[in-house]
Amino acid sequence: MTSIEESRFHLLMQSSKKSLLPLQTAFVMAAAFLFAADSYAQQIAINRIEMMPNLPAPYEMRNWKQVALGYDSLVFDFSRSGQYLPLIWWRTNTVNYPGHLSFGLHTVVGTTAPNSAEAINVLPAVIGASLVGIDKSKQKGENWVLMCEEFFNRRPEENVYLNHPVTQSGDDWWYATMPNVFFYQLYDRYPDTGDFAFQFTSVADQWLRAVEKMGGRATPWTIPNMNYRGWYLSTMTPHTAGVPEPEAAGAIAWLLYHAYGETGNSKYRVGAEWAMEFLNAWNSNPAYELQLPYGVYTAARMNAEIGTTYDIHKMLNWCFEVGPLRQWGAIVERWGNYDCHGLIGEVGSNGYAFAMNTFEHVGALVPLARYDDRFARALGKWVLNAANAARLFYPKYLPNQNQDSEEWAQQYDPHSYIAHEALRESAFGASPYATGDAISGGWGRTNLALYGSSHVGILGGIIATTNVEAILQLDVLKTDYFHDNAYPTFLYFNPHEAEKSVEIEVGSDLHDLYDAVSNSFLLTGVSGRAMFSIPADAAVLLVIAPAGGEVSYDLDKLLIDGVIVDYRSGRTVPNYPPRLKALAAKKSQLVPGENTMIYCTATDRNAEELSYTWQATGGTITGTGAQIDWTAPVSPGNYTVECFVNDGHGAQDSAIVHLEVVAAINHAPSIAALTARPGKIDLGATTELLCTANDPDGDTLTYSWRAAFGTVNGSGPTVTWKAPLSQGDYFILCKIADGRGGQAVDSIGVRVRDFSQAQTGELVAYYPFNGNANDASGNGNHG
């Protein structure tokens, strides 16, 4: 009988005798049996969280779900009237999906740019509402999810989500990566929306290509250099000026690992490992904004799911310690009469904590506890502090003299659904002081920031209160995007100096309550309301599993009825199998008799010496070990080479690489230029499109033209395009093929305007400072 089965047996025996004992006494006895002192010895402290109090003071926990619901009802209301209202506007002149309706949200209340919207504001507003139960795909008769597509910059040189509908990547890494993270979160909840399927793989492909351009290789295995300020996808080159953001590796790993989980394509998993190995090998705290916690969560999940061995303790400490790049970390101070522990921002002589970053850190890190429960107590304690202090971003929780934008809120937002952008340690003789950068920066008339408040649905979806004050119930699945099948799982932290009994509603069916922290069942065969105990200053990671489910193991994972409930069950695993990370050939297409090196990259958690065995369906293998030379046979065709990795204890892993032998190597054609004459036309007018292309092998090229709107007439390198009868910036795509598998694709934008109306304020020409004299306005002017 296993220890798990023993704990279930003892609980069943106790429950059979409960008629002899008061119910509460039976629960306490069960808890006392299970919660031996060594059950919690596995918990790992995070230094800066340990500096925070177990119970912050004064304690006042907002109903964060109600805040998120109220925020949605306020900002998505076109009928609001008054100063700076409404806070939402329709975007009819869409660019990336012309003819589709979209919308924008003001960045701050009283914005000086009312027709500018940011993806880091709009997408989280839709996600946050979804996290608290609103179906944004059909709210008020509108599909707000579909309208978010406008932030997908549908141009071959970008083809990712960016912070504005028409912009370029490169200036600041987090403005390029995070819109894609938010899109993936939307995709997880609304996968069948519009063009989401194409966008999902396009985002993954672009960032994988970027990681490869940064040096990620499997021939041989090479970790990329990701220590840049940003990355220009259009040129696949780094932005090296300014403060670097190596934490971007975390966001990119998050994207690529989820792409792997969703598609099953191992190339994305390899890219995620390259990015994560870069971050794991970094020697100093890379914290800059909000990409790091997404990487730490991804590291923990990869450790749990595929057997990597990233240093979670080091990287999780980074999320809270003060980093050198911009003094970024967790606030561990009492400002004035308020505990402000746990808020995220700049830490220094006059601390500056931000709402958006605090909310996003909670969303990224709470699900980490599911994959590495050694940090359950630390995360539970931090969230209690951060969620309590987060109320201070909102006007009604501070005196008037402690904030700068309360007047508008008191009249138009009496329930305080919109938060200040940030909280200062002190300003104007008051501490703390709710404020932001909008007023001083001239981009807003208040510091009430939607771009931060839009993320509040994270707290609303994750946090619920319990029957015991200051013991929160944290839903660890809520922001565990793309997770495998799982039972309801909740994290609890008891900040009190005595054991507490917590109530939970488990439903009408019978359930067993399993705790992943103590690796044991707390209760079996319960329904309706149940009570379980949490020792003082301890955490419980509670899984509500089917009653009497079959317990099984996969290495150190514990499963109930085939569903993982504990990734670190405490079970002794004498030997972990080796893991083959990548099998790749230097060249995948060869001519008869040509050679290529094939590299096998493998690792073993037990640090065993690995042996390699190779076999091929044709050709000749030369060499042994982790890399061999393969000589192509004389007959063209498709061949495979397989590598087996063995640890000497009977455990092995294997992979196959596919190779093609051709009579002659084909070189892909390329598009040298794509032009429209003219580049700006009237409604229903026609422009001539010319594709200038070449083929290194002299193959005859075929041309395929496609436009989502308007009509393409003709074929070959020159065609005409007739514009639709509505204004917009339209993109026409040209694809060339050489008939032997080689192809290239590019697109060009044409600006369509109603010439019968005065075009005041139109952009005549725009020449980006990128070393080119090409007019980016679409008007075709010569520079």
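Residues numbered from 1 in each chain as written. Predicted model: local features only at pLDDT ≥ 70, side-chain atom pairs only at ≥ 80, totals over all residues. Heavy atoms only, no water.

Once that is clear, we can look at the overall build of the chain. Within the chain one finds 19 helices and 42 strands. Its C-alpha atoms give the chain a radius of gyration of 29 Å, near enough to 28 Å, the size a compact globule of 783 residues would have. Restricting the contact set of the chain to residue pairs at least 6 apart, pairs at least 24 apart contribute 66%. A total of about 30,300 Å² of accessible surface is found on the chain, and carbon and sulfur atoms cover 49% of it. (Helix = DSSP H or I, 4+ residues; strand = E, 2+ residues; numbered from the N terminus. Rg over C-alpha atoms; globule rule 2.2 N^0.38 Å. Contact = heavy atoms within 4.5 Å. Areas by Shrake-Rupley, 256 points an atom, 1.4 Å probe, with all protein chains shown as cover.)

This paragraph deals with the nonpolar core. Ranked by size, the top nonpolar core spans 186 residues in total, and within it Trp64, Leu123, Tyr184, Trp207, Trp382 and Ile418 carry the most contacts. With near-sequence residues (within four places) excluded, Trp207 lies in contact with Val160, Trp173, Ala176, Thr177, Asn180, Leu233, Ile252 and Leu255. (Core = buried A, V, L, I, M, F, W, Y, C linked by side-chain atoms within 4.5 Å. Buried < 20%, exposed > 50% of the residue type's maximum accessible area, 1.4 Å probe, protein only.)

Moving on, we get to a positive patch on the surface. A cluster of basic residues, Arg209, Lys213, Arg217 and Lys586, forms a positive patch on the protein surface. Mapped onto the secondary structure, Lys213 falls in helix 8 (residues 196-213). Taking relative accessible area as the criterion, Lys213 reaches 51% and is therefore assigned exposed. (Patch = residues over 30% accessible without salt bridge, like charges linked within 9 Å, V, L, I, M, F, W, Y side chains within 5 Å. Salt bridge = Lys/Arg side-chain N within 4 Å of Asp/Glu carboxyl O. Lys, Arg positive; Asp, Glu negative; His and termini not counted. Charge placed at Lys NZ, Arg CZ, Asp CG, Glu CD.)

In this section: the environment of Thr219. Looking at the secondary structure, you find Thr219 in the loop between strand 5 (217-218) and strand 6 (221-222). Expressed as a C-alpha distance, the spacing of Thr219 and Ile681, which sit 462 residues apart in the sequence, is 49 Å. Apart from the residues within four sequence positions on either side, Thr219 is in contact with Ala584, Ala585, Lys586 and Tyr599.

So, about the pairing of strand 32 (residues 627-631). Within strand 32, 4 of the 5 residues are buried, leaving the element largely enclosed by the surrounding structure. For strand 29 (residues 595-603) and strand 32, the ladder comprises 5 bridges, and the chain directions are antiparallel. Across the sheet, the residue bridging to Tyr599 is Gln627, located in strand 32. Bridge count between strand 31 (residues 620-622) and strand 32: 3 bridges; the pairing is antiparallel. Bridging from a neighbouring strand, Ile621 pairs with Trp630 of strand 32. If you look at the hairpin formed by strand 31 and strand 32, you'll find 4 residues sitting between the two strands, and Gly623 has a positive phi there, around 105°. (Pairing = 2+ DSSP bridges.)

This part is about the sheet that holds strand 35 (residues 670-677). The 4 strands are arranged 35-37-40-39 in an open sheet whose pairing can be described as antiparallel. Sheet topology places strand 35 and strand 39 (711-713) at the edges, where each strand pairs with a single neighbour. For this sheet, the mean inter-axis angle between neighbouring strands, taken without regard to orientation, is 25°. Direction of pairing for strand 39 relative to strand 40 (residues 718-722): antiparallel, over a ladder of 3 bridges. Bridge assignment links Thr711 to a residue of strand 40, and that residue is Lys722. (Axes fitted to C-alpha atoms, helices over the stretch in contact; angles between N-to-C directions.)

Quick look at the pattern of salt bridges now. Tallied over the full model, the rule gives 26 salt bridges. For Arg391, the salt bridge goes to Glu60, with nearest N and O atoms at 3.8 Å. Within this pair, whereas Arg391 is found in the loop between helix 15 (376-389) and helix 16 (406-412), its partner Glu60 is found in the loop between helix 3 (47-50) and helix 4 (64-75), the two being separated by 331 residues in sequence. For Arg391, a relative accessible area of 3% translates into the label buried. Since its relative accessible area comes to 40%, Glu60 is described here as partly exposed. Arg229 is paired through a salt bridge with Asp172; the nearest N and O atoms lie 3.1 Å apart. A residue pair is termed long-range when its members are at least 10 positions apart, and Arg229 in the loop between strand 6 and strand 7 (230-232) and Asp172 in the loop between strand 4 (160-161) and helix 7 (173-189) qualify at 57 residues. Each member of the pair, Arg229 as well as Asp172, carries the same accessibility label: buried. Each of Arg301, Glu305, Arg370 and Asp480 takes part in one network of salt bridges that share partners.

Okay, the environment of Gly230 next. Looking at the element boundaries, Gly230 is found in strand 7. Here Gly230 falls in the buried class, since its relative accessible area comes to 0%. Spatially, the C-alpha atom of Gly230 lies 9.1 Å from that of Tyr175, the residues being 55 residues apart in sequence. Once residues lying within four places of it in the same chain are set aside, the contact partners of Gly230 are Gly170, Trp173, Pro238 and His239.

To continue, consider the confidence of the model for the chain. In the predicted model, the chain carries a mean pLDDT of 92, and the fraction of residues at 70 or more is 91%. Segment residues 15-38 is flagged for pLDDT under 50; beyond a separation of four residues in sequence, or across chains, it makes 29 contacts in the model. A low-confidence stretch, residues 758-767 stays under pLDDT 50, and its non-local contacts, those more than four residues away or across chains, total 27 contacts. (pLDDT = per-residue confidence, 0-100.)

A few words on unusual backbone geometry. Phi is mostly negative for residues that are not glycine, and the peptide bonds are mostly trans. Omega for the peptide link from Ala57 to Pro58 comes to -10°, which places this bond in the cis form. Between Ser431 and the following residue, Pro432, the backbone shows a cis peptide bond with an omega angle of -5°. With a phi close to 65°, Tyr84 is a non-glycine residue in the positive phi region. Mapped onto the elements, Tyr84 comes out in the loop between helix 4 and strand 1 (88-91). A positive phi angle is found at Ala470, which is not glycine, with a value near 75°. As for its position among the elements, Ala470 is in the loop between strand 16 (463-465) and strand 17 (472-475). Ala470 gets classed as buried once you look at its relative accessible area, which sits at 4%.

What follows is about the packing of helix 10 (residues 266-281) against helix 11 (residues 292-306). With their axes 11 Å apart at the nearest point, helix 10 and helix 11 run at an angle of 120° to one another. Here helix 11 runs oblique to helix 10, going by the angle between their axes. For the element pair helix 10 and helix 11, the recorded crossing hand is left-handed. Here helix 10 contributes Arg269, Ala272, Glu273, Met276 and Leu279 to the contact with helix 11, which in turn contributes Leu292, Gly295, Thr298, Ala299, Met302 and Ile306. Considering only residue class, the contact of helix 10 with helix 11 consists of 7 nonpolar, 2 polar and 2 charged. (Parallel < 35°, antiparallel > 145°, perpendicular 65-115°, else oblique. Left-handed = near helix turned anticlockwise from the far one by under 90°. Nonpolar A, V, L, I, M, F, W, Y, C, P; charged D, E, K, R; others polar.)

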